[in-house]
Amino acid sequence: MDDLIAQVQPMIPALRRYARGLLRDPAAADDAVQDCLERVVAHWHRRRNRNARSWVFAILHNVAVNQLRQCARRGILLPVEDAGEDALASRPMQEDPLIRRDIFAALACLPEEQHSVILLVSVEDMTYAEAAEVLGVPVGTVMSRLSRGRERLRSILDHPDMSDKRSRSHLRSIT
């Protein structure tokens, strides 16, 4: 048990960051981390001789993906008390939050595979091999997803009006 605590406890801030990046909701991210840690404790004896960090991140990734799928089926829930005008329409006045918002919006436009790889490699500073182990894909797949994801991010950030056109490209114009 001491081994578990010594290895997992320092990972918790990184797990929270990754979960928040994937789920884009602090409360849902904290729930995902909690579920992940419960599974890690319950199944610590099953991890074999794998890298503990990749194993724990893989569990968190699977929990988060399951939550995203569940939310997609249920739709977005908004408490009545949060539905006031201020909760839905407040714009930041400083430049940094605007830039952050643009980056998060651009990340949200990426397919989940590219989004996950960018978060693992760029934010969590994982090696390609570690990210590949977390996602259960070959290293080459991680490299290509990262390359395509970064290129797509650049394109979206350089031409934000183009990202809307691409997402609606399957619709026919009536006019």
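What you see is a predicted model, and the numbers here were worked out from it, not measured in a lab.

Asks: How should the pattern of salt bridges be read in this particular structure?
Replies: When the charged atoms of two side chains lie near each other, side chains of opposite charge can form a pair. The tally for this structure, following the rule as stated, stands at six salt bridges. A salt bridge links Asp 30 to Arg 16; its shortest N-O distance comes to 3.1 Å. On the criterion of sequence distance, the pair formed by Asp 30 in helix 3 (residues 26-43) and Arg 16 in helix 2 (residues 12-23) is long-range, its members being 14 residues apart. Accessibility expressed as a relative area gives 30% for Asp 30, which makes it partly exposed. For Arg 16, a relative accessible area of 34% gives the class partly exposed. A salt bridge links Arg 154 to Glu 151; its shortest N-O distance comes to 3.0 Å. With a gap of three residues between them, Arg 154 and Glu 151 both fall in helix 9 (residues 139-158), about one helical turn apart. Classification of Glu 151 by relative accessible area gives partly exposed; the value is 47%. Salt bridges sharing partners connect three or more residues here, namely Arg 16, Arg 20 and Asp 30.

Asks: Can you walk me through helix 9 in this structure?
Replies: Because an α-helix completes one turn every 3.6 residues, residues spaced three or four positions apart along the sequence face the same direction. Over its 20 residues, helix 9 extends 28 Å from the first C-alpha to the last, a length consistent with the 28 Å expected when each residue adds 1.5 Å. The set of residues buried in helix 9 consists of Val 142, Arg 145, Leu 146, Gly 149, Leu 153, Ser 155 and Ile 156.

Asks: Could you clarify how one ought to interpret the environment of Ser 147 in this entry?
Replies: Position of Ser 147 among the secondary structure elements: in helix 9. Ser 147 sits 29 residues away from Ile 118 along the chain, and the two C-alpha atoms are 9.1 Å apart.

Asks: What is the right way to read the packing of aromatic side chains from this model?
Replies: The description of an aromatic ring pair rests on the distance of the ring centres and on the angle between the ring planes. Going through the model one piece at a time under the given rule, you end up with two aromatic pairs. Measuring from centroid to centroid gives 5.7 Å for Tyr 18 and Phe 57, while their planes differ by 50°, and the two rings are tilted. Taken as a pair, Tyr 18 in helix 2 and Phe 57 in helix 4 (residues 52-74) lie far apart in primary sequence, 39 residues in all. You can call Tyr 18 buried: its relative accessible area is 0%.

Asks: Help me understand the layout of surface pockets, please; the structure alone is not making it clear to me.
Replies: Once rolled over the atoms, a probe with the size of a water molecule shows which space is left empty. Taken as a whole, the second largest pocket holds about 170 Å³ of empty space. Lining the second largest pocket, in full, are Arg 17, Arg 20, Gly 21, Phe 104, Leu 107, Ile 118, Leu 119, Ser 122 and Val 123. Contributions of two or more residues to the lining of the second largest pocket are made by helix 2, helix 6 (95-109) and helix 7 (112-123). Per-element accounting of the lining of the second largest pocket gives the leading share, four residues, to helix 7. Across the lining of the second largest pocket, the residue classes break down as five nonpolar, two polar and two charged.

Definitions and limits used
- Residues numbered from 1 in each chain as written.
- Predicted model: local features only at pLDDT ≥ 70, side-chain atom pairs only at ≥ 80, totals over all residues.
- Heavy atoms only, no water.
- Salt bridge = Lys/Arg side-chain N within 4 Å of Asp/Glu carboxyl O.
- Helix = DSSP H or I, 4+ residues; strand = E, 2+ residues; numbered from the N terminus.
- Buried < 20%, exposed > 50% of the residue type's maximum accessible area, 1.4 Å probe, protein only.
- Expected span 1.5 Å × (residues − 1).
- Phe/Tyr/Trp six-rings, centres within 6.5 Å; stacked < 30°, edge-to-face > 60°.
- 1 Å grid on protein atoms, 1.4 Å probe; cavity = no way out; pocket = protein on both sides within 12 Å on 5 of 7 lines; lining within 4 Å.
- Points joined across faces, edges and corners; volume = space filled by probe spheres on them.
- Nonpolar A, V, L, I, M, F, W, Y, C, P; charged D, E, K, R; others polar.

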